[in-house]
Amino acid sequence: MPPTQPNISRLQGERSQSFSSYSPPSFDLHARQAALQGSVSSGALGPLVVKKPPIVYPALLSRVANAFVQRITTSSRIKDSIEYKDCFDGRDAVDKIAFIIKTTDRNLALLLGRALDAQKLFHDVTYDHRLRDSVNELYQFRNKLITGGPRIRSIESHEYSGRPSYSSSEPMDDVDAVNGVFTLLTDCYSPTCTRDKLCYSIACPRRLEQQSRLNLTPNGGLKRALSRSSSKEKKDQRLWITSVPKEISDACSLEEKKRQEVIFELIYTEKDFVNDLKYLNDKWITPIRNLDLLPESRREAFIDRVFYNIKDVYAVNSKLGEALLKRQQAYAVIPEVGDIFLEHVVNFSPFVLYGANQIEAKYEFEHEKNTNSAFSKFVEETERRPESRKLELNGYLTKPTTRLGRYPLLLEAVLKYTPEENPDKKAIPQVVSIIKDFLQKVNLESGKCENAFNLRQINKGLQWKSEPMELNLLAKDRQLIMKGPLKKKGTSSEHADLYVFVFDHVLLLTKEKKGKGGEGYKVHKRPIPLELLTLSTMEEPVMKSSRRTSSLIPHKSSSHTSNVVSKITPTSGPLSKITSDSKSGYPIVFTHIGRYGGSFTLYATTHAGRKNWMDKIQKQIQALKNKADSWKLLPVSERFFSASNKVNCSSTYDNGRRLVIGTDAGVYVGKPKGQFVKIIPRERVSQVDVLEDERILLVLAEKHLLAYGLEALDANDPNSPNKRAKKLGSSVSFFKTGICQNRTLVGIVKNSSNALDQSSTIKTLEPIEQDSSKKNKHSLRTMLRGGNTELFKLYKDFYIPRETNSLHFLRNTLCVGCSKGFELIDLSNLNTQDLLDFSDPTLDFVHKKDENLKPLAIYRIGSGDSFTFLLCYEEFSFYVDKTGRRARNGWIIHWEGVPTFCALSLPYVIAFDPSFIEIRHVETGDLVQIIPGNNIRCLYHIANQPGAIHVVMTDEEGDYQTITQLCRESQIAGLLGKDDCEEEESLPTYNPATIVEEEEGSYMPEDEKESAMLDDDDDESGNYSPMEGPYPHHPSGLNRAVNRLTLDFGEGFDFGSNSPESPQSFQEILDIGSSTAAHSGGSSSSLSLRDDSDGQRPTYI
């Protein structure tokens, strides 16, 4: 192979890139192509046919290396039963090099590839030989330990036009050490050299082609030298037949001769392997321990990390080798070897430990060599010694693993030529089976260790633009699925490569950085959860713009809801197509749904590379969907409610056996998975609630709060007067029921319709205790028909100067979710205060957003004095303690979507975005699952009750709405009880009356004619008369409380001591005190819970 001349190449070609004034030698394009066609004799390399100019100047090894790295596709491959990561085969390498230099001569491409091999761009996985044009030979890039491949220049690939391109702006720091000139493909330095005239220089690269064209006899010039590696391989051939007398070999059959040759190879390679292990000890371990190469305190630790248990491997194989040599000395024709291996193979466990530690050992060695000059000099000198056989240390460190993989091949070859009556016919298969079990363990353990190593290196090297995000890369089961470069396309100055990591939970886009502090990865874009990611390769229209744009800028939606980008649709301007070709690359369109979503396109350099990326990402996305205890949506109603009849809310009655559905067209009733019947033709029903004990149905329709007798739910009831409603209020935004200060209360919220007056009026009503005789069906029917019995009395009403989103009844206070956040109202004196203590500096991130926050829900986690409260806002969720100060500092959930409602089912908190359901763990905040859908809304929710979450979404065609129950897969068996399924033919649902014991009481409507008590202060316009309120600027307002209320919550959820697999255990430690579940229709909030522990201070629940 021609020398690469690394010293002069810097002057002739490479270094000229930094001198713009330098003029490279001129040459004729036709002569250049002719040189490619005939620079090597037909007898040596054969004729070449070049149809296209090379992609890069083929004589510069750095250019060829850069193009090669961009185009080669790496993957996990198996050789000798051992799995190798990020490798490619020799045939693919030759194919890519031939494509780069545009030649059909594979020998020329092989020579150029071996020049790259000599420059240590890549190596054989076993370090045994140079590049070979074979699909069975595997190779890895030299510096794959961290990045999975060498660093490449971030430049656009361009076709070679006959003259090398010299750019003074091209960065040199990002190029690997590959640097040389491949003389066979260079141009002659003589300006008088032409294709039709013999050059005077015998070293002219065109000389052979010129001699062929002029019909001259080749003499002088460059000749192809015999490969030294090939001659060495022939010299080292060792044969059994030459080691025994001729009469012995002649007495053996052909099959026996072949068998003895394989046994002979098995024995002498075992001896070589043991000698190699002894070499490691004598020439590496002992000098490192005794010489002053490393600080004495680090020497033993370094030896342990690099050489690990190599002595244990030596102890096992030295005994095996001695036994084989002893057998060889005893027999000229060895009868069997299986018995020896059966005796020793059971002790091969050190191979597993050693193989698992290999990647750590190689990294530690390379790191020390790069940072310790004395150690680097020692390495260079040792590898040059004759006993090293020109093999670097990494080659020797690989030998134990590769030797284990060679045993099955050699033993199976012995078995092939073994007669049936020989004991080896039974022993060898047993040995091979045991060794293959060890190989499986090696692959498994080494894969785990390599994955953990890569994750540690990536985690250490990540550089964030702002506050780091917790990716939990060091979690126990975290996996690195794939890594590698992809190109983004913008204007000519924005072409750059991104280094993309695909973990088992997120996609991370980074840019490689290399500096004095070592390599790193600058995070380019917010990590994308895989469950929020979709991929496509379809041609899509893209806006052409005169200004500079980046393909990584998300296409933002103007609305505040989630960006669901399935296709980029421009509003104006000319269109272009995202197409696939070898010049621009092969596009992958990434679509990210959610708050931070958008669509962007990255390009793979090859079609196979794109397929590999998409296959692995989509396979992992599917794996996330198939998790063992994932959440499922169980159908309740399909293809019954059309998209034009919007479903807004739901509730249950008849002990959960029947459902009440509120829609824009009225109220429906039916069984799960059965038919539904409209029983109340009211329009725009936004909230329904069933009070079975009081036999009352509450309906909020067109902002009118109405009460019906429970008989109204019977579609077969002939008494139509029973379906007359009692109006409880008008201009009602939403209502909520619960227990506060040991009273059963109904909260009615009326938000101002004036856009300039963002205020709310809140009434709390307390039912008047009735005689038991008045609770029967007839008395209730009489009341609804117009009786004058008063059923409610006004408990408190007040005004707050903000729009109210939710109500939460606590032990002694009312928690109001409004535009400012959560506020507490003491119903005894109407004093008010913020729930959060903003003297806590860790809550500044909440205070800065202030009016832009939308509170969704508050949930209590834990029990005893250690409980905390999970506050759920539209943007994030975090914990506070009972005094309103931040708990679990640093713990926060940033929702991927823009949720409209949050539910709790310990140990998970569930957020409902219109495009997907986001499920997270309340302890870690980790994203557990994403369930996509269209127009998703939560209809009904009872905290911590299996199946008590009703969800509605639009089907894929957009014609119908599907109502489902959301529950964990492990809970489905309990929900689908055999008796219930056979008797009811439906999924069980839950009603608060079946779960919570409440004080007796009923919701009693006012007289339908007068409506004086409830409606005298409002009119149809939504304007309210002044009333008592807690704010001093309002007429009749009371002074704001000066002292903060201490929040004493008593007992609650104990997440740590209750198994999530047993939902009923939460009920045992939680006394739920609200009378109804929360409904997400309209502006309603989460379920209120009661704490019955004694205490005089206001409390959360």
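Scroll up to find the structure.
Let me begin by describing the structure that accompanies this report. Numbers given to residues run from 1 along each chain, matching the order in which its sequence is written. Per-residue local features are limited, in this predicted model, to residues with pLDDT of at least 70; the limit for side-chain atom pairs, both in listing and counting, is 80 or more; totals at the level of whole chains, interfaces and linings are taken over all residues. Excluded from the side-chain calculations are hydrogens and water; all other atoms, namely the structure's heavy atoms, are used.

## Observations regarding the overall build of the chain
Then comes step 1: Every helix listed is a DSSP run of H or I at least four residues long, and every strand listed is a run of E at least two residues long, numbered separately from the N terminus. When helices and strands are counted, the chain shows 26 helices and 44 strands.
Then comes step 2: A simple rule labels every residue: compare its accessible area, found with a 1.4 Å probe on the protein chains alone, to the largest value its type can have, and call it buried under 20%, exposed over 50%, or partly exposed in between. Split into buried and exposed, the 1101 residues of the chain put 55% on the buried side.
Then comes step 3: Across the chain, every contact between residues at least 6 apart in sequence was considered, and the portion connecting residues at least 24 apart equals 62%.
Then comes step 4: The protein chains shown are the only cover counted for residues, whose accessible areas, like all others here, come from Shrake-Rupley with a 1.4 Å probe. A total of about 49,000 Å² of accessible surface is found on the chain, and carbon and sulfur atoms cover 49% of it. The contact criterion used throughout is that any non-hydrogen atoms of two residues lie within 4.5 Å.

## Quick notes on the pattern of salt bridges
Then comes step 1: In the sections that follow, a salt bridge refers to a side-chain nitrogen of Lys or Arg positioned within 4 Å of a carboxyl oxygen of Asp or Glu. In total, this model carries 42 salt bridges according to the counting rule given.
Then comes step 2: Among the ionic pairs, R132 bridges to E137, the shortest N-O distance being 3.9 Å.
Then comes step 3: We classify R132 as partly exposed; its relative accessible area is 28%.
Then comes step 4: E368 is the salt-bridge partner of R298, the closest N and O atoms lying 2.6 Å from each other. You can see R298 sitting in helix α11 (residues 296–307) and its partner E368 sitting in helix α15 (residues 358–371), a full 70 residues away along the chain.
Then comes step 5: Put simply, K79, D124, R132 and E137 are held in one network by salt bridges that share partners.

## Considerations on the packing of aromatic side chains
The description of two aromatic rings rests on the distance between their centres and on the angle between their planes.
Then comes step 1: Working definition: rings of Phe, Tyr and Trp (its six-membered ring) pair if their centres are within 6.5 Å, and the pair is stacked with planes under 30 degrees apart, edge-to-face with planes over 60 apart, and tilted otherwise. What the rule picks out here adds up to 39 aromatic pairs.
Then comes step 2: With 5.9 Å between their ring centres and 75° between their planes, F365 and F375 make a pair best called edge-to-face. Separated by 10 residues along the polypeptide, F365 in helix α15 and F375 in helix α16 (residues 373–383) bring together distant segments of the chain.
Then comes step 3: Residue classification places F365 among the buried residues on the basis of a relative accessible area of 1%.
Then comes step 4: Here F845 and F878 contribute two aromatic rings whose centre-to-centre distance is 5.3 Å and whose plane-to-plane angle is 75°, an arrangement assigned as edge-to-face. You can see F845 sitting in helix α21 (residues 844–849) and its partner F878 sitting in strand β35 (residues 876–880), a full 33 residues away along the chain.
Then comes step 5: Taking the relative accessible area as the measure of exposure, F878 reaches 0% and is therefore buried.
Then comes step 6: Through pairs of rings, three or more aromatic residues link up here, namely F68, F88, F122, Y139 and F141.
Then comes step 7: The criterion is that NZ of a Lys, or CZ of an Arg, lies within 6 Å of the ring centre and within 35 degrees of the ring normal, and then a charge sits over that ring. Across the ring face of F99, the terminal group of K102 is positioned such that the distance to the ring centre comes to 3.8 Å.
Then comes step 8: The ring of F867 carries the charged tip of R860 above its face, separated from the ring centre by 4.8 Å.

## Regarding the environment of N454
Then comes step 1: As for its placement among the helices and strands, N454 is situated in helix α18 (residues 424–461).
Then comes step 2: A relative accessible area of 5% places N454 in the buried class.

## So, the sheet that holds strand β16 (residues 631–642)
Then comes step 1: Strands sit in the order β16-β44-β43-β42 across an open sheet of 4 strands; the sheet is antiparallel. Each of the sheet's edge strands pairs with one partner strand only, and the pair in question is β16 and β42 (934–941). Averaged over all pairs of adjacent strands, the angle between strand axes in this sheet comes to 25°, irrespective of strand direction.
Then comes step 2: Bridge analysis of strand β43 (residues 949–954) against strand β44 (residues 960–968) gives 5 bridges, and the strand direction is antiparallel. Residue V952 lies in a different strand from β44, and its bridge partner there is I963. The pairing criterion for strands is at least two bridges between them, as found by DSSP. Simply put, an axis is a line fit to the C-alpha atoms, just over the touching stretch for a helix, and the angle between two N-to-C directions goes from 0 to 180 degrees.

## Some details on the sheet that holds strand β4 (residues 138–141)
Then comes step 1: Read from one edge of the open sheet, 4 strands run β1-β2-β4-β3, paired in antiparallel fashion. Since the sheet does not close on itself, it has two edges, and those belong to β1 (75–79) and β3 (122–124), each with one partner. Across the sheet, the mean angle separating the axes of adjacent strands is 55° when strand polarity is ignored.
Then comes step 2: Examined bridge by bridge, β3 and β4 share 3 bridges and lie antiparallel to one another.

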